[in-house]
Amino acid sequence: MEQGLEVALTDLQSSWNNVRHHTEEISSDRLLVRRGQAFNITLYFRKRGFQPGLDNIIFVAETEDSVYLDSEPQRQEYVVNDYGFIYQGNKNWIRPCPWNYGQFEENIIDICLELLDKSLNFQIDPATDCALRGSPVYISRVVCAMINSNDDNGVLNGNWSESYLDGINPAEWTGSVAILKQWHATGCQPVRYGQCWVFAAIMCTVMRCLGIPTRVITNFDSGHDTDGNLIIDEYYDSTGRILENKKKDTVWNFHVWNECWMARKDLPPGYGGWQVLDATPQETSNGLYCCGPASVRAIKEGEVDLNYDTAFAFSMVNADCMSWLVYGGKEQKIHRDTNTVGNFISTKSIQSDERDDVTENYKYIEGSPQERLVFMRALQKLKARRSEGPHKADSQHSTPVPLNGDSPRSLHMPSLRPSDIVQVSLKFQLLDPPNMGQDIRFVLLALNMSLQFKDLKVNLSAQSLLHDGSPLPPFWQDTAFITLSPEEAKTHSCRIPYSQYSQYLSTDKLIRISALGEEKNSPEKILVDKIITLAYPGIMINVLGAAIVNQPLSIQVLFSNPLSEHVADCVLTVEGSGLFKKQQRVLIGVLKPQHRASITLETVPFKSGQRQIQANLRSNKFKDIKGYRNVYVDLRL
């Protein structure tokens, strides 16, 4: 009788397979393969070899690739690329912030798997959790909830208080690796602190590490609608300064989230592809602080009843904004703006350092009939959900929402009054680039578009903002009296000295200047504002010589104190996947006014290919002077 086969050794061919599955940077010793792609293993037998026709070996590996991208450049960018840019600033001054995702760095894969095991889902029911891990919809919600620490021992504590003494100011981070390794090293204690771009960057690292195509998205003028009526209410006093909002509705100067690519078999056909996931803890979803996945196409079409959290995501890019004047205990509507929310929605371009504008993926052109139609469709669906409870209304066959009612808390759109027809225009114009340490010079332009004389009183003010739209007290005020002949234009010059604004700045370096104009013998008000982001000179990085794997490399970092005063507690951090084994911290100490300095760091690159160095300089006066340099590392001389 022929003896059966007995396996003596199994060779998983880890090194060979990992190269073909683009996981060789994670490990060459462990088998790490991607869904939907063939891999090889070799079996060695005792006593006799395999005999075709006589022996039969059955090996089953079921992998359905529900996150497959058919574009190789897109796969390289959204799965393999381990660095990128997160866009910050404001819609008039968009700044790329370099970031080290580092998804292939040492131990990151194990930390990502540990993150899944620390989730509430796994803790409550490990068997069900593991059985569902093949679903990108499920796994993305688990990861999204675990990035913040609101419900569990997630990776990051959020902090928008401007007090970071017991942790790291969110603006100082330049990469995900240090954060994830700190979380792991401290027994999974949340790292202090993060804000939206840090939450999104960490999620990008984890999802790319798990093989799910992911990119980081920035939305400028991002709505946070707390009561689900697609209207952001903003309140102003008679000086034009924005007031703390009782409802907590805000327009964030910018907000950052992720898009992950996946099939959506739980939705009607056509809603797969890019999905919004927002790990910043804003509102709960099914009891947990996570948001998404919400189909980007569903957001664009106003299908706000589709899972998950599509209505909230819709409001971030397409809510209307209502301005109210508060005086004498009363509220007066100034105007409704349908264009304010959702501008220059941005992500890094594929295989390029340029910015890619993806606004058209989220909404039709502002003010177009199609955009307003989608807004009304979303409004109807929300109204139907409220009035009918679990029963959903089909907006394709329902009657239009009547255009009446002036309440900002109503789901109806307020009607336009004759006073909304603008006769006088106000506009701010900067005279110089807004550089930190210098006075801010600007003019208010007033234009009379009518055929009558106009006497205006204009109250001007300036206040710092946090990037989530929260206002700080005003620190500058002015009043202008302007008389305009028919169709005449005039300017009013203004200056805010550095000595006046420096002590009131938030870490976000945002200043909001506003003007509230009122015409003599008329109840109508004109409100205009402008957000200024103060800029620093960046860090310069020079690579001295050729970059070659396992060969010493010198890197020169040049930086300066942009202020006309001493700064203390200066610390330079430098990192870069494949170039530095860990983040480098250099204590600089005190920098004199306007002082320029440089240091040279030595490193040994350990991975080939396109790499990026990220640097940050912080002090007691500023936290986030940044710079980067792309480096190509050759395998050999």
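Reference entry: report on the structure contained in this document.

As for the overall build of the protein
The helix and strand inventory of the protein stands at 13 helices and 29 strands. Compactness check: the protein gives a C-alpha radius of gyration of 28 Å against a globular reference of 26 Å for 637 residues, within 12% of the reference. Burial status across the protein gives 52% buried among its 637 residues. Sequence-distant contacts, at least 24 apart, represent 69% of the contacts inside the protein between residues at least 6 apart. Carbon together with sulfur atoms contributes 51% to the accessible area of the protein, which is approximately 28,200 Å² in total. Each charge sign in the protein was given a centre, from 64 positive and 74 negative side chains, and these centres are 3 Å apart.

As for the packing of helix α6 (residues 136–147) against helix α8 (residues 196–209)
The geometry of α6 relative to α8 is characterised by a closest axis approach of 10 Å and an angle of 140° between their N-to-C directions. In terms of axis orientation, α6 runs oblique to α8. For the pair α6 and α8, the crossing hand works out as right-handed. Between α6 and α8, the residues in contact are Ser 140, Val 143, Cys 144 and Ile 147 and Phe 199, Ile 202, Met 203, Val 206 and Met 207, respectively. For the contact of α6 with α8, a count of residues per class yields eight nonpolar, one polar and no charged.

Re the packing of helix α3 (residues 108–117) against helix α7 (residues 177–185)
For any two helices packed against each other, one specifies the inter-axial angle together with the distance between the axes. Here α3 crosses α7 at 60°, and the two axes come no closer than 10 Å. Classed by the angle they form, the pair α3 and α7 counts as oblique. The interaxial crossing formed by α3 with α7 has left-handed handedness. Residues Ile 108, Ile 111, Glu 114 and Leu 115 of α3 form the contact with α7, whose own contacting residues are Val 177, Leu 180, Lys 181, Trp 183 and His 184. Across the contact of α3 with α7, the residue classes break down as six nonpolar, one polar and two charged.

As for the side chain of Arg 141
Here Arg 141 shows up in helix α6. Taking the relative accessible area as the measure of exposure, Arg 141 reaches 13% and is therefore buried.

Some words on the pairing of strand β22 (residues 525–533)
With nine bridges connecting them, strand β21 (residues 510–519) and β22 associate as antiparallel partners. Across the sheet, Ser 514 pairs through a bridge with Asp 529, a residue of β22. Taking the residues that link successive antiparallel strands as the turn, the β21-β22 hairpin has five residues, and the phi of Asn 521 there is positive, at about 65°.

Structural notes on the environment of Glu 64
Structurally, Glu 64 can be placed in the loop between β2 (42–45) and α2 (72–80). Owing to a relative accessible area of 52%, Glu 64 belongs among the exposed residues under this scheme. Residues Glu 64 and Gln 37 lie 27 residues apart in sequence; the distance between their C-alpha atoms is 9.6 Å. For Glu 64, the contacting residues outside a window of four places in its chain are Arg 35 and Lys 265. At 2.3 Å, the side chain of Glu 64 forms a polar contact with the side chain of Lys 265.

Some remarks on the packing of aromatic side chains
We describe a pair of aromatic rings using the distance from one ring centre to the other and the angle between the two ring planes. In this structure the tally under the stated criterion is 15 aromatic pairs. Look at Trp 160 and Phe 199: their rings are 6.3 Å apart centre to centre, the planes differ by 20°, and that puts the pair in the stacked class. Linking Trp 160 in the loop between β5 (156–158) and α7 with Phe 199 in helix α8, this pair joins segments that are 39 residues apart in sequence. Judged by its relative accessible area of 0%, Phe 199 is buried. Residue placement shows Lys 300 over the ring face of Tyr 364; its charged tip is 4.6 Å from the ring centre. In this arrangement the basic side chain of Lys 581 is found over the ring face of Phe 606, its NZ or CZ atom lying 4.0 Å from the centre.

Conventions and cut-offs
- Residues numbered from 1 in each chain as written.
- Predicted model: local features only at pLDDT ≥ 70, side-chain atom pairs only at ≥ 80, totals over all residues.
- Heavy atoms only, no water.
- Helix = DSSP H or I, 4+ residues; strand = E, 2+ residues; numbered from the N terminus.
- Rg over C-alpha atoms; globule rule 2.2 N^0.38 Å.
- Buried < 20%, exposed > 50% of the residue type's maximum accessible area, 1.4 Å probe, protein only.
- Contact = heavy atoms within 4.5 Å.
- Areas by Shrake-Rupley, 256 points an atom, 1.4 Å probe, with all protein chains shown as cover.
- Lys, Arg positive; Asp, Glu negative; His and termini not counted.
- Charge placed at Lys NZ, Arg CZ, Asp CG, Glu CD.
- Axes fitted to C-alpha atoms, helices over the stretch in contact; angles between N-to-C directions.
- Parallel < 35°, antiparallel > 145°, perpendicular 65-115°, else oblique.
- Left-handed = near helix turned anticlockwise from the far one by under 90°.
- Nonpolar A, V, L, I, M, F, W, Y, C, P; charged D, E, K, R; others polar.
- Pairing = 2+ DSSP bridges.
- Polar contact = N/O pair within 3.5 Å; in protein donor to acceptor, adjacent residues only side chain to side chain.
- Phe/Tyr/Trp six-rings, centres within 6.5 Å; stacked < 30°, edge-to-face > 60°.
- Lys NZ or Arg CZ within 6 Å of the ring centre and 35° of its normal.

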